[in-house]
Every structure is written in C-alpha cells, then in structure tokens.
Amino acid sequence: MARIRWKVTSVPHVVKSSARWQWLRVRTAVRSLFYNHFLDTTYVVDICMEPIFWIVDNFTKFLGPFFVVAVCALTASVVVIAYWIGIPHWWARSPTATVVLMVVGHWLLVNICFHYYMGTVTPPGFPPEGSLIPEAASICKKCIAPKPPRTHHCSVCNRCILKMDHHCPWLNNCVGHSNHRYFFLYMVYVVAGVLFLMVFGVQLAYEEVWLAEEEEPPIEGHPVRVNDTMLIPVTEMNVNVSLEAAPPPPARSLRRNCIIYMAFITSGVFVALGSLSLWHARLIGRGETSIEANINKAETKRLAARNKVYVNPYDLGRRRNWRRFLGLRRGRGWVKGVLLPSEHAPFGAGLTWRTASLAPQRSPRGARGLDPALDALALAAAAAAADSSSSASSSSAASDAADADA
C-alpha cells in the first residue's frame, strides 16, 4: 500500500497553484465569450469615452436651435446699428456715396440671409433607404446599411450623410453634398460684409469713440494769472475743491456703446470666419472634405513610410474642383451661380464620384461645362490611385474611425 505524506510547508504552494489554475480557466472562458480581434488600446479608449461622446452629441443637438437664434440676433443687431448710426453719418458726408454703399451693403445682406437660410433648411443628402445601392462601398457599422463612397455617419443626426464635411451647430444641420455650397458662401459673404462695415465705419468709430474720450470739459469762470506763469479759472468748484468730492465721470452714451459693441463683433467674426473660410477654400481646391483631409493625411504618412506617394482620387485639379463644387456649367456662370442667390443643385446625386484617373479630357472647343454623368467605378479607381487593395482597405478603416468621431 502506498503511503501519502503530508507536509505543512507544501500547503501554500498547492493552494496557489489551484487558485492560479482556476483563474486561468475563468479568464479563458471570459475571453472566449468576448473575444474581439480588433481590440487594442484605441478601441478601449473609444469605449470608455462613449458616454462622453453621447453627452456631447445630445448636448449639441439640444442647443442647435439656440445657436440659430443667436446668429439671427447678432446679425439683426449689427444691421440695426448700421441703419441707425452708419447711414446718417455717410448721408451727411455724401448722399451719392451713401447710395452706392447702400446698394453694396444690401447685396451682401441679401446673400448672407439667403445662404444661411438655405444652409439651415436644405437637407445635406442621405443615402436612399429601402432600395439596393449598387454604388455602396462599405456597410455603416451604426446604421447597418450600405454606405456609398465619401459617405460618413453623423453621430448628432444619427444618420449617414452623403459627402459629409462636418456637423455645424450654428446651422443646426449637417454640412454635406446638398448644402456644402450654401455653408461656404455664407461664410464668404459674412466675411465680406464685416470687412465692408469695418472699412467704411473705422472713421466713424474714430470720431465717436476715440476723439470723444480725449476731449476736455470747457473752462468756466474768469481766468487769473498765478505767479505770472499759469492761467486758471476762478469758479465755485475751485474754491470748494477741498470740501467737495470730484464729480463722477460722465456715463457713456448708448451711441458710443453700440459702436464699441459693433467693433468687437465685426473684428471677432472677421478673424474667426476669415480663417475658417480660407481653410475650407484650401480643402475645396484639393477636392476633399474636412473628414477626408484627416483620412488623406493618415494615408499620406502611411504610404510615405513605404516610399510611395498617395494621390487623392477625387482631386480633379483646382479649377475643376471649384467648378464642380459651385455647380457651374454652361449657362450658369459666376454671376448667376455665385454673385447672385441661386438654388441650383450640385452635380450628381452624391452616390458616385468622378475620379482623377477617369476624368474626361477637355474638349477641343474649350467648353466650359462639365459632364454631370458620374462614373460607377469610383471606388476601384480610388483604390488603384492610393495603393491597390491594401490602400483601399486602410482608407476604409480610417473612414470608419472618422465616422466614430464625426
């Protein structure tokens, strides 16, 4: 018969080994139930930040109408001050110049109001629902629906947006394929409008605010000479100067306060929207949106590490990009399509896009219009221009990551 000898010193080791074995079994079972091949540090951070994203998205959606009211109130206040102070000032100087300024100013005001209204009420463009989309490039992970090229999911609107640029809280709307032109031209005309007010209002502000603060009160009483050097007025205030407190400084008038308010508003808007307009103009010239700019930047770095050059497949050249963005074609030039309010629709339906490798050559007659027909092979051309299939898969992954942040 075999004998079993128990040692007190081996008990801790046995307990430790048994506990370790049980822990390994539990960990393996949990991992088998919740295994995710894409699990990494970035994925864990996104999951932890999801509640914060939810709060921000819903907070932005809730405050959207208040932002719209704020924009309308600021615009109306600036217009009222211009009518109340600016027009009478220029009319006293030159009625002819006033008429010219009023024509230019009302042209800017009409364009500002028109493009803001259209950018707010025009849907950005959505993929068709309940029907087959042959142009779909991938599947949206949040909508679980086909997603055409250049389409991204907006977490605020909770929908996929065709050629999404960003969600603008000041418009309480997404900026996408159908209203991108309205958004950009609104910014351009606002910058032009505030610059117009600053240029033709700087002299008025200088006279009403700057010079008014330097004026001294008039001297009262009969002046007398002291020590044959200085003249001072003899008034009751001089006699009782040691007994009475100095009078308080005069309060600023409403007119001066309005001018100061207008100066701060116009200068702030000019710097903020001016910088944003220049940045968007640069993106439009390169044929990309704000989201695509981040994706293309990541692709450029990835391919640069492999000694390859990334080419944006939707960059048709600066001139073609601008004409397609503004919707200019034969019969609709800069006057009808840009300088005057226009409700014309953009090129195409936003489901397929012409690429640089498939763009048609310019006709020998130098036709100004562009063929509105779009090529159904945009996705394949984009993948070939980037880096065959590997580049396309990486771009899709980056696009899905951008959708999570949109």
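Residues numbered from 1 in each chain as written. Predicted model: local features only at pLDDT ≥ 70, side-chain atom pairs only at ≥ 80, totals over all residues. Heavy atoms only, no water.

Caption draft 1: Inspection of the overall build of the protein at higher detail. Assigned secondary structure in the protein consists of 11 helices and eight strands. Here the protein, with 406 residues, has 34% of them falling under the buried criterion. Relative to all contacts within the protein whose residues are 6 or more apart in sequence, the contacts with residues 24 or more apart total 66%. When the accessible area of the protein is evaluated, it comes to approximately 26,000 Å², of which 66% is carbon and sulfur surface. (Helix = DSSP H or I, 4+ residues; strand = E, 2+ residues; numbered from the N terminus. Buried < 20%, exposed > 50% of the residue type's maximum accessible area, 1.4 Å probe, protein only. Contact = heavy atoms within 4.5 Å. Areas by Shrake-Rupley, 256 points an atom, 1.4 Å probe, with all protein chains shown as cover.)

Caption draft 2: Spatial organisation of the state of the cysteines. The final tally for this structure, using the stated rule, is zero disulfides. There is no disulfide at Cys113, and the cysteine sulfur nearest it, in Cys72, is 8.3 Å away. In this structure Cys113 comes out as partly exposed when scored by relative accessible area, which is 44%. (Disulfide = S-S within 2.5 Å.)

Caption draft 3: The UniProt feature "transmembrane region" (unreviewed entry) in the protein, seen in detail. In the numbering used here, UniProt assigns the "transmembrane region" (unreviewed entry) feature to residues 33-56, 62-85, 97-118, 183-206 and 258-279. Secondary structure content for residues 62-85 is 100% helix and 0% strand, and the end C-alpha separation is 36 Å. For residues 97-118, the end-to-end C-alpha separation is 32 Å, with 100% helix and 0% strand making up the annotated structure. (UniProt positions renumbered as here; feature names shortened; annotations may be inferred.)

Caption draft 4: Focus on helix α2 (residues 41-93). Spanning 53 residues, α2 covers only 68 Å between terminal C-alpha atoms, well under the ideal 78 Å at 1.5 Å per step. The sharpest bend along α2 comes to roughly 45°, located at Glu50, with the proline Pro51 sitting one to four residues further on. All buried positions along α2 are accounted for by Asp57, Gly64, Val68, Val71, Ser77, Val78, Ile81, Ile85, Gly86, His89 and Trp90. (Expected span 1.5 Å × (residues − 1). Bend = angle between axes of the 7 residues up to and from the residue.)

Caption draft 5: Summary view of the side chain of Asn321. Turning to its location among the elements, Asn321 is positioned in helix α8 (residues 318-326). Residue Asn321 is classed as buried on the basis of its relative accessible area of 6%. Separated by 2.7 Å, the side chains of Asn321 and Asp315 make a polar contact. Contacts of Asn321, omitting those with residues within four sequence positions, involve Ile284, Gly285, Arg286, Gly287, Tyr314, Asp315 and Leu316. (Polar contact = N/O pair within 3.5 Å; in protein donor to acceptor, adjacent residues only side chain to side chain.)

Caption draft 6: Representation of helix α3 (residues 95-121) in the model. In this model α3 runs 38 Å from its N-terminal to its C-terminal C-alpha over 27 residues, within 8% of the 39 Å that 1.5 Å per residue would give. All of the buried residues in α3 are Thr98, Leu101, Leu108, Asn111, Ile112, Phe114, His115, Tyr116, Met118 and Gly119.

Caption draft 7: Structural context of unusual backbone geometry. Phi is positive for Ile144, close to 55°, though the residue is something other than glycine. With respect to the helices and strands, the residue Ile144 is situated in the loop between β1 (138-139) and β2 (146-147). A residue is classified by how much of its surface remains accessible, and Ile144, at 64% relative accessible area, is exposed. Residue Asn307 is not a glycine yet carries a positive backbone phi of 60°. Inspection of the secondary structure puts Asn307 in the loop between α7 (290-304) and α8.

Caption draft 8: Quick look at the packing of aromatic side chains. Inspection of the entire model under this criterion finds 10 aromatic pairs. With centroids separated by 6.2 Å and ring planes inclined at 85°, the aromatic side chains of Phe114 and Tyr182 adopt a geometry described as edge-to-face. In this pair, Phe114 sits in helix α3 while Tyr182 sits in helix α4 (residues 180-214), placing the two residues 68 residues apart along the sequence. We classify Tyr182 as buried; its relative accessible area is 4%. Residues Phe184 and Phe325 carry aromatic rings whose centres are separated by 5.8 Å and whose planes lie at 80° to one another, so their mutual orientation is edge-to-face. Of this pair, Phe184 sits in helix α4 while Phe325 sits in helix α8; the two residues are 141 residues apart in sequence, bridging distant segments of the chain. (Phe/Tyr/Trp six-rings, centres within 6.5 Å; stacked < 30°, edge-to-face > 60°.)

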